[in-house]
Amino acid sequence: MQDWQHQQNLQAAAKLQAEGYEFTITSDKYEIRYQGEFVHAAGVKLPREKKPHWQKARANVRDFWEIAISEAEKHKRRTSQLSN
């Protein structure tokens, strides 16, 4: 993922965080909460045989940010449709 794409994802995450979303992102997993309530999570099977190379770990974090933002936006759309 290009740096500019990652920066856009972080900006989108900041907007979602301002609306009450919380993200926990590591190279092994991500978790999303909305106003403290669980929304979605996923990760790799643990324990790993060995720690990933730093470049792979960095790529995982960036990928998880992108996925987490997408899932949070889906949740936002679903909840707004329910309230209409």
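Placed above this text is the structure.
None of these values were measured; they are calculated from a predicted model. (Residues numbered from 1 in each chain as written. Predicted model: local features only at pLDDT ≥ 70, side-chain atom pairs only at ≥ 80, totals over all residues. Heavy atoms only, no water.)

**Describing the environment of N9**
And step 1. Mapped onto the elements, N9 comes out in helix 1 (residues 3–18).
And step 2. Among the residues examined, N9 registers a relative accessible area of 13% and is labelled buried.
And step 3. A sequence separation of 70 residues divides N9 from T79, and the C-alpha atoms of the two residues are 21 Å apart. (Helix = DSSP H or I, 4+ residues; strand = E, 2+ residues; numbered from the N terminus. Buried < 20%, exposed > 50% of the residue type's maximum accessible area, 1.4 Å probe, protein only.)

**Thoughts on the pattern of salt bridges**
And step 1. Under the criterion given, the structure shown has 5 salt bridges.
And step 2. Linking R62 and D3 is a salt bridge whose minimum nitrogen-to-oxygen distance equals 2.9 Å. On the criterion of sequence distance, the pair formed by R62 in helix 2 (residues 54–83) and D3 in helix 1 is long-range, its members being 59 residues apart.
And step 3. For R62, a relative accessible area of 11% corresponds to the buried category.
And step 4. The closest approach of N and O atoms between K76 and E19, which form a salt bridge, is 2.9 Å. With K76 in helix 2 and E19 in the loop between helix 1 and strand 1 (21–25), this pair connects stretches of sequence that are 57 residues apart.
And step 5. One salt-bridge network, in which partners are shared between bridges, spans D3, R58 and R62. (Salt bridge = Lys/Arg side-chain N within 4 Å of Asp/Glu carboxyl O.)

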